[in-house]
Structures are given as C-alpha cells and as structure tokens.
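# Observations on chain architecture
Each chain is listed here by its residues.
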Amino acid sequence: MSSKQRENLIYLTAILIAVSGLFHLVDTLTGKVLFDLAFGPYLYVQTRHFWKMKKLGVAIEGVESRRYYILIALWICLLFTLINFLSVPFLMIFLVMVDYLVVSQTE
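These remarks concern the structure in this document.

## Quick look at the nonpolar core
If you look at the biggest cluster of nonpolar residues, it comprises 22 residues, and the most contacted ones within it are Phe39, Tyr42, Leu43, Leu74 and Met92. Going through the elements one at a time, helix H1 (3-26), helix H2 (28-38), helix H3 (40-56), helix H4 (63-82) and helix H5 (89-105) are the ones with two or more residues in this core.

What follows is the structure, given as structure tokens:
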C-alpha cells in the first residue's frame, strides 16, 4: 500500500468521524453507533494489510511496526467501547492522528 493510499484511508476515516459528529448533534445514539462504525474501513484495511504481511512471512519492522502497534491499540479501544467497559473516543481519534503523522513523516 502506498503512502498516498494510506493517507486517503485516514482522510476517509476523518470524514466519517465528522459525519458521525453531525449525526450525534441530531440523535445521540445514532451518532455513537456511527462513530464506532467510522473506524470500520480503517480497521478492515489495516488488519488485512498486516494479515497478508504475516501470512507471507514478511517481517514487520520500522514504521510498519509502529503502525501495527497503533492498530492493536485501536482494536482494544474499540472493543472497550463496544462492551461499554470504557468509552475512549478521544483516544481513538488520537491514535488515528498519530498514524497520520507516522505515515506523513515517512514521505
């Protein structure tokens, strides 16, 4: 995956988060559900990317290892939010921002 595709994926996630915020203004429950769903494309694509790397036996090193740990942290945050153990929306947004910085720094 090229860095431009990675940036576009993060932009898509940011747009979906903004749209869920607008829905949150109208209906709180709908906004919360859409916020959780906003991370779906990002989590799917990144998980698939790292799954393929592990399947091919490629070592995850350098920038990819940082992005891998960010992905794991995001999955944990989403899991905590879904089981209503801990609501961490700011941390989830922060993790996506950190991933964007890692991606843009590598160019």
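## Structural notes on the packing of aromatic side chains
Under the criterion given, the structure shown has six aromatic pairs. Plain terms: the ring middles of Tyr11 and Tyr100 are 5.8 Å apart, the flat faces sit at 45° to each other, and that makes the pair tilted. Here Tyr11, found in helix H1, pairs with Tyr100, found in helix H5; they are 89 residues apart in sequence, far enough to count as distant. Residue classification places Tyr11 among the partly exposed positions, given a relative accessible area of 36%. The exposure class assigned to Tyr100 is partly exposed, which follows from its relative accessible area of 27%.

## Some details on the pattern of salt bridges
Following the criterion strictly, the structure yields two salt bridges and no others. In this structure, the salt-bridge partner of Glu64 is Arg6, at a minimum N-O distance of 2.8 Å. Of this pair, Glu64 sits in helix H4 while Arg6 is found in helix H1, placing the two residues 58 residues apart along the sequence. Here Arg67 ties to Asp99 by a salt bridge, and the two come within 2.8 Å at their closest N and O atoms.

## What about the packing of H4 against H5?
At a minimum axis distance of 10 Å, the contact between H4 and H5 shows a crossing angle of 165°. In terms of orientation, H4 and H5 fall into the roughly antiparallel class. In the packing of H4 onto H5, the handedness of the crossing is left-handed. On the side of H4, the interface is formed by Val63, Arg67, Ile70, Ala73, Leu74, Cys77, Leu78 and Thr81, while H5 contributes Leu91, Met92, Leu95, Val96, Val98, Asp99, Val102 and Val103. Each residue belonging to the contact of H4 with H5 can be placed in one class, and the counts come to 13 nonpolar, one polar and two charged.

Each value, and the rule that gives it
Residues numbered from 1 in each chain as written. Predicted model: local features only at pLDDT ≥ 70, side-chain atom pairs only at ≥ 80, totals over all residues. Heavy atoms only, no water. Core = buried A, V, L, I, M, F, W, Y, C linked by side-chain atoms within 4.5 Å. Buried < 20%, exposed > 50% of the residue type's maximum accessible area, 1.4 Å probe, protein only. Helix = DSSP H or I, 4+ residues; strand = E, 2+ residues; numbered from the N terminus. Phe/Tyr/Trp six-rings, centres within 6.5 Å; stacked < 30°, edge-to-face > 60°. Salt bridge = Lys/Arg side-chain N within 4 Å of Asp/Glu carboxyl O. Axes fitted to C-alpha atoms, helices over the stretch in contact; angles between N-to-C directions. Parallel < 35°, antiparallel > 145°, perpendicular 65-115°, else oblique. Left-handed = near helix turned anticlockwise from the far one by under 90°. Contact = heavy atoms within 4.5 Å. Nonpolar A, V, L, I, M, F, W, Y, C, P; charged D, E, K, R; others polar.

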